[in-house]
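Breakdown of the fold
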Amino acid sequence: MMGKMWSCAGHLWAVLVVACGAAAAAWAETGAQGSDYDPARLSREGFVPAERVALGDQVPGGTLMLAAYLAGWVLFFAYLVFLLRAQRDVGRELGEVRRRMDELDERIEEGGGAS
Amino acid sequence: MQAWKTLERPAPWLVGLAGLTGVAVWVALGLVFFYAPSERTMGVVQKIFYLHVPSAIMAYAGFFLCCGASVVYLLRPSPKADVIARAGAEVGVLFCTVVLVTGPLWARKAWGTWWTGEPRLLLTLIMALIFVAYLLVRAVGGRREMTRKVCAVLAILGVADIPLVRLSVERWRGAHPQVISGEGAGISPEMQVALTASFVAWGLLFALFLVLRIRLGFGQEAVEEGYRLVQAREHAWEATLEKRA
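Source: prediction; values computed, not measured.

Another point: the pattern of salt bridges. Residues and elements named next belong to chain A. All told, the structure shown has 11 salt bridges over all chains when counted by the stated rule. Of the charged contacts, one joins R99 and E96 as a salt bridge, the two residues approaching to 2.8 Å between their closest N and O atoms. Of the two residues, R99 and E96 are both situated in helix α3 (residues 61-110); the distance of 3 residues between them amounts to about one turn of the helix. Residue R99 is classed as partly exposed on the basis of its relative accessible area, which comes to 41%. Since its relative accessible area comes to 30%, E96 is described here as partly exposed.

Here's what the structure looks like:
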């Protein structure tokens, strides 16, 4: 049971690592393309002071900040849930061990004790 | 069976730690969003700083703890040292993941790109991958002695990356500003208060996760030990019955 759980957790990590790698590669790519630096546009429009740029044209700092805090808290809560569930499973398994131990003790007592 | 009782009812101090962590986190978030001012050039996105930097320090703390316990395990193998090493690695990876997720979100606004080939970023990514590999080996290799020893060596190698991160900052600087440890003006007193509160909150969160993970590790060890004990007693009882027959 525990081995299976850890194996599942291992696979989850593997998927996470691959996903993060792919996302980082994609981000690096889109980051380069999505950057505000566009020579053609600059030649066309010239240098525009930041104050005159409409709010919608700017990189949304507030959204990025919220995304960062949300991602952080999702990770923390996910880990907390994982810990509490694993703890509950371990508690159950310890109960099972105790039940088997009591059962064995009863059998030994009924059989006249082991020497 | 001591572990059974321990897991059944959480100790009062653990409940206290959880409560204190909750309060500290809310206070820190309140200070970050309502007290600390926004930075002049980066604006509101700079508030990621209060999550990003303490998370990085907690990740280092987790990895250092893992390394220390691994050294102890290699010198004097014991399940206790092994459980602590694994807990340190797991919690360290959690906080390092937060660093690697929040960093690009901040960089997109501040640098205009999600990721750059800066040595500090690459070395941090490598460190995270080393400890993810550590956890993968632990998950796949089970509870064998050899797995535990190989992982202990891996943890020491992983921590050797931390001085390289520091060296990369001093040697190549990169795009990361040195506002805390640098010789510049540093941060404003209001920002300093919010940062200190964040360090306290994230430190308590780190301690809470670490304690819960260590308790879980001891519980898992107790389950293994319990099953071994039951099996040994069953074999002994069967042998007695056979002898009597």
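Next, the rest of the story.
What follows concerns the packing of aromatic side chains. Taken as a whole, this structure holds 14 aromatic pairs over all chains when the rule is applied. Aromatic pair A:F76 and B:F95: ring centres 5.1 Å apart, planes at 50 degrees, arrangement tilted. In this pair, A:F76 sits in helix α3 while B:F95 sits in helix α4 (residues 79-110), so the two residues belong to two different chains. Classification of B:F95 by relative accessible area gives buried; the value is 0%. A network of ring pairs unites the aromatic residues A:W73, A:F76, A:F77, A:Y79, A:F82, B:F95, B:W202, B:F206 and B:F209 as a single cluster. The ring of B:W114 carries the charged tip of B:R108 above its face, separated from the ring centre by 5.7 Å.

A word on the packing of helix α3 (residues 49-75) of chain B against helix α5 (residues 119-141) of chain B. Residues and elements named next belong to chain B. Packing of α3 against α5 brings their axes to within 12 Å, and their N-to-C directions diverge by 45 degrees. Overall, the two elements α3 and α5 adopt an arrangement that is oblique. The handedness of the crossing between α3 and α5 is left-handed. Note on element contacts: α5 touches α3 through M127, F131 and Y134, opposite Y60, F63 and C66. Residues that form the contact of α3 with α5 fall into these classes: 6 nonpolar, no polar and no charged.

All names here are of chain A. Side chains of D102, E106, E109 and E110 sit close together on the surface and give a patch of like negative charge. Its location among the elements puts D102 in helix α3. Judged by its relative accessible area of 42%, D102 is partly exposed.

This paragraph deals with the nonpolar core. The tendency in soluble globular proteins is for nonpolar side chains to be buried as a group. Residues A:F76, B:Y50, B:F63, B:F95, B:F131, B:W202 and B:F209 are the most contacted members of the largest nonpolar core, which totals 74 residues. Mapped onto this core, the elements with two or more residues apiece are α3 of chain A together with α2 (12-35), α3, α4, α5, α6 (145-159) and α8 (189-244) of chain B. Residue contributions to this core peak at 17 residues, all from α8(B).

The subject of this paragraph is the confidence of the model for chain A. All names here are of chain A. Averaged over all residues, the pLDDT of chain A is 71; the fraction at 70 or higher stands at 45%. Mean pLDDT in chain A bottoms out at helix α1 (residues 2-34), which sits at 54, and peaks at α3, which reaches 90. In this model residues 28-35 is a low-confidence stretch, pLDDT under 50, and it forms 10 contacts with partners more than four residues away in sequence or in other chains.

On to the confidence of the model for chain B. Mean pLDDT over chain B: 88, with 92% of residues reaching 70 or higher. As a predicted assembly, this complex carries a pTM of 0.78 together with an ipTM value of 0.87.

Time to look at the side chain of B:T102. Turning to its location among the elements, B:T102 is positioned in helix α4. Judged by relative accessible area, B:T102 falls into the buried class, the value being 1%. Within polar-contact distance, the side chain of B:T102 engages the side chain of B:H52 at 3.0 Å. The residues contacting B:T102, other than those within four sequence positions of it, are A:A68, B:I48, B:L51 and B:H52.

This paragraph deals with the environment of B:V101. Within the element layout of this structure, B:V101 appears in helix α4. Residues B:V101 and B:F131 lie 30 residues apart in sequence; the distance between their C-alpha atoms is 16 Å. Apart from the residues lying within four places of it in its own chain, the contact partners of B:V101 are A:A71 and A:L75.

Cut-offs applied
Residues numbered from 1 in each chain as written. Chains lettered and ligands numbered in written order. Predicted model: local features only at pLDDT ≥ 70, side-chain atom pairs only at ≥ 80, totals over all residues. Heavy atoms only, no water. Salt bridge = Lys/Arg side-chain N within 4 Å of Asp/Glu carboxyl O. Helix = DSSP H or I, 4+ residues; strand = E, 2+ residues; numbered from the N terminus. Buried < 20%, exposed > 50% of the residue type's maximum accessible area, 1.4 Å probe, protein only. Phe/Tyr/Trp six-rings, centres within 6.5 Å; stacked < 30°, edge-to-face > 60°. Lys NZ or Arg CZ within 6 Å of the ring centre and 35° of its normal. Axes fitted to C-alpha atoms, helices over the stretch in contact; angles between N-to-C directions. Parallel < 35°, antiparallel > 145°, perpendicular 65-115°, else oblique. Left-handed = near helix turned anticlockwise from the far one by under 90°. Contact = heavy atoms within 4.5 Å. Nonpolar A, V, L, I, M, F, W, Y, C, P; charged D, E, K, R; others polar. Patch = residues over 30% accessible without salt bridge, like charges linked within 9 Å, V, L, I, M, F, W, Y side chains within 5 Å. Areas by Shrake-Rupley, 256 points an atom, 1.4 Å probe, with all protein chains shown as cover. Lys, Arg positive; Asp, Glu negative; His and termini not counted. Charge placed at Lys NZ, Arg CZ, Asp CG, Glu CD. Core = buried A, V, L, I, M, F, W, Y, C linked by side-chain atoms within 4.5 Å. pLDDT = per-residue confidence, 0-100. Polar contact = N/O pair within 3.5 Å; in protein donor to acceptor, adjacent residues only side chain to side chain.

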